[in-house]
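# Working through the structure, step by step
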Amino acid sequence: MRVAVCQLNARDDRAANLAAAEALLARAAAAGADLAVLPEYVDYLGPAKGMPEPESVDGVVGEFFAAVARRLGIWVVAGSFHEAGPDPEHTWNTLLVFDRAGALAASYRKIHLYDVEIPGRVSYLESATVTPGDQPVVVDVEGLRVGLSICYDLRFPELYRQLATEGGAQLLVVPAAFMMHTGRDHWEVLLRARAIENQCFVAAAGQTGDHEPGRTCFGRSMVVDPWGTVLSQVPDGPGLAVSDLDLDRLRTIRAELPSLANRRL
Ligand SMILES: NC(=O)CCC(=O)C(=O)O
C-alpha cells in the first residue's frame, strides 16, 4: 500500500482550494499512491464571514472528491469540511473517505474540539461553531485497517489506543491544520508517539502557511512507521510526500516488541 500526504495552503477561495487539492491528488496518483490524505478544512480556511454554507456529505465537497477519486482510481481521505447538522449555529468538522470507484466508504466527525487560549499566540474556540462527534471510526481500505482522526484529536492518546485495539487499526490518518506556535514543538513528537505506542503507521496531512490574520499553520506533513521513524515529510509550502507501508515490518515490530499485547490496563 502506497500512501501520499498532501499539504495545502487553503485560503478563502473555495474553487482555488479544491483545484489545488485536485492537482496534488493527481500528483499522488501519478506517483502510484493507493491512498491520499488531505488536510483539515481542505475546501476553506479563511474568515468566518466568507465561509461557504455548511452542506451534507453529498454536497459540493463530497461530490467533488468522489469524482476525483473515481477519475484517478485512488482512495481519498478528504479531511475535512463543515458538515451541516440539525443546529443552524453549529456544524460538524467532518472527514470523508472515498474508495477508488468514488463511493463513500466512511465518514468521521472530529471528536476533540480545539478550544485553546494562549495569550498573544493562539485564541481559538472551535466549540463556538462546531459540534463534537462521538464515534471513533476505522475503515477497511483493501484489507488495511485505517483509523480516522482530525488535528487536535492527536493530543488524546486514548482515541488512538481505541482505534488500534478495538478497531484493529494499522494506519492512523491525521488530517490537520496544526498551528505554527504549537506545531513547532509538538507536531512531530505527538505523531511519532501515537505511532510508537500503538505500533501503527501514521499518515498526517497538514495545512501550511498563512490562511487568515492570526492563523498560520505548521505544515510538515509526514508518514511515520510503527517504530516511530519518519518515512517521508513535506517541506514548507504546498506539496506531497509518498511512502510505501510495509505491513511485514508492522507485524515484526508487534511480534518482537509486543507492547500492545502486554497491556495490563
Ligand atoms: N485545528 C486544530 O485542531 C488545531 C490543533 C493544534 O494546533 C494543536 O496545537 O493541537
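Below, the structure is looked at part by part. (Residues numbered from 1 in each chain as written. Predicted model: local features only at pLDDT ≥ 70, side-chain atom pairs only at ≥ 80, totals over all residues.)

## Focus on the nonpolar core
The line we're drawing: Think of a nonpolar core as buried Ala, Val, Leu, Ile, Met, Phe, Trp, Tyr and Cys residues, each tied to the set through C-beta atoms within 7 Å. Note on burial: count the other C-beta atoms lying within 10 Å of the residue's C-beta; 20 or more is buried, 12 or fewer is exposed, in between is partly exposed, and C-beta positions come from the backbone. With C-beta atoms placed from the backbone, a contact is any residue pair whose C-beta atoms sit within 7 Å.
Val5, Cys6, Ala36, Val76 and Ala203 are the most contacted members of the largest nonpolar core, which totals 80 residues. Look past the residues within four positions of Cys6 in its chain and what remains in contact with it is Ala21, Leu24, Leu25, Ala28, Ala36, Val37, Leu38, Ala205 and Leu240.

## Side note on the site of the ligand
Just so we agree on the cut-off: For each residue, a C-beta position is placed from the backbone atoms; the residue is near a molecule or strand when that point lies within 6 Å of it. Three classes are used, and their members are as follows: Ala, Val, Leu, Ile, Met, Phe, Trp, Tyr, Cys and Pro are nonpolar, Asp, Glu, Lys and Arg are charged, and the others, Gly among them, are polar.
In the vicinity of the ligand, the contacting residues are Glu40, Tyr114, Cys151, Tyr152, Arg155, Ala177, Phe178, Met179, Thr182 and His186. Of the residues in the shell around the ligand, the class split is 6 nonpolar, 2 polar and 2 charged.

## A short note on the environment of Arg264
Keep this limit in mind: Put simply, DSSP H or I for four residues or longer makes a helix, DSSP E for two residues or longer makes a strand, and each gets a number counted from the N terminus.
Residue placement: Arg264 occurs in the segment after helix 5 (247-256). Each C-alpha atom of the pair Arg264 and Arg121 lies 40 Å from the other, and the pair is 143 residues apart in sequence.

## A closer look at the sheet that holds strand 14 (residues 222-224)
Selection rule: Between any two strands, at least two bridges found by DSSP are needed for them to pair. Axis lines are fitted through C-alpha atoms, for helices just across the contact stretch, and the angle between N-to-C directions can take any value from 0 to 180 degrees.
Overall, mixed pairing links the 6 strands, which are arranged 8-9-10-11-14-15 in an open sheet. At either end of the open sheet lies a strand with only one pairing partner, and these are strand 8 (138-141) and strand 15 (230-233). Across this sheet, the average inter-strand angle for adjacent strands is 20 degrees, counted without regard to direction. One ladder, built from 4 bridges, connects strand 8 with strand 9 (residues 144-148); its direction is antiparallel. Residue pairing in the sheet places Val141 in a bridge with Leu144 of strand 9. Contacts between helix 3 (residues 157-165) and the sheet are confined to strand 8, strand 9 and strand 10 (171-176), with strand 9 contributing the most and set at about 160 degrees to the helix.

## What about helix 3?
In an α-helix, one full turn covers 3.6 residues, which means residues spaced three or four apart are oriented alike. Note the threshold: What the arc measures is the spread of directions leading from the helix axis to the C-beta atoms.
Listed as buried for helix 3 are Tyr160, Leu163 and Ala164. The buried side chains of helix 3 occupy one side of the element, clustering within an arc of 95 degrees when seen end-on. Looking at the buried side of helix 3, the elements it contacts are strand 8, strand 9, strand 10 and helix 4 (180-198).

## With respect to the sheet that holds strand 2 (residues 35-37)
Taken in spatial order, the 6 strands line up as 5-4-3-2-1-16 in an open sheet, and their pairing is mixed. Strand pairing shows two members of the sheet lacking a second neighbour, strand 5 (104-109) and strand 16 (239-244), which therefore form its edges. Mean inter-strand twist for the sheet, computed between neighbouring axes without regard to direction, equals 25 degrees. Two strands pair when backbone bridges link them, and strand 2 and strand 3 (residues 75-84) are joined in this way by 3 bridges, in the parallel orientation. Of the residues in strand 3, the one forming a bridge with Ala36 is Val76. Strands in contact with helix 1 (residues 14-30) are strand 1 (2-7), strand 2, strand 3 and strand 16; relative to strand 1, the strand with the most contacts, it is inclined by about 155 degrees.

## A look at the packing of helix 3 against helix 4
Using the following cut-off: Roughly parallel covers angles under 35 degrees, roughly antiparallel covers those over 145, roughly perpendicular covers 65 to 115, and oblique covers all other angles. Rotating anticlockwise by less than a right angle from the far helix to the near helix defines a left-handed crossing, while the corresponding clockwise rotation defines a right-handed one.
One can describe the packing of helix 3 onto helix 4 by two numbers: an axis separation of 10 Å at closest approach and a directional angle of 40 degrees. Considering the angle they form, helix 3 stands oblique to helix 4. Relative to helix 4, helix 3 is oriented so that their crossing is right-handed. Between helix 3 and helix 4, the contacting residues are Pro157, Tyr160, Arg161 and Ala164 on the first element and Arg194, Glu197 and Asn198 on the second. Along the lines of polarity and charge, the residues of the contact of helix 3 with helix 4 split into 3 nonpolar, 1 polar and 3 charged.

## As for unusual backbone geometry
In this structure, the amide linkage connecting Gly79 to the following residue, Ser80, adopts the cis form with an omega of 5 degrees. With respect to the helices and strands, the residue Ser80 is situated in strand 3. Even without a glycine there, the phi angle at Glu142 is positive, about 50 degrees. Mapped onto the secondary structure, Glu142 falls in the loop between strand 8 and strand 9. Assessed through the 11 C-beta atoms surrounding it within 10 Å, Glu142 is described here as exposed.

## Re the environment of Ala69
Mapping Ala69 onto the fold places it in helix 2 (residues 60-72). Given 27 C-beta atoms within a 10 Å radius, Ala69 is considered buried. C-alpha separation for the pair Ala69 and Val97, spaced 28 residues apart in sequence, amounts to 9.6 Å.

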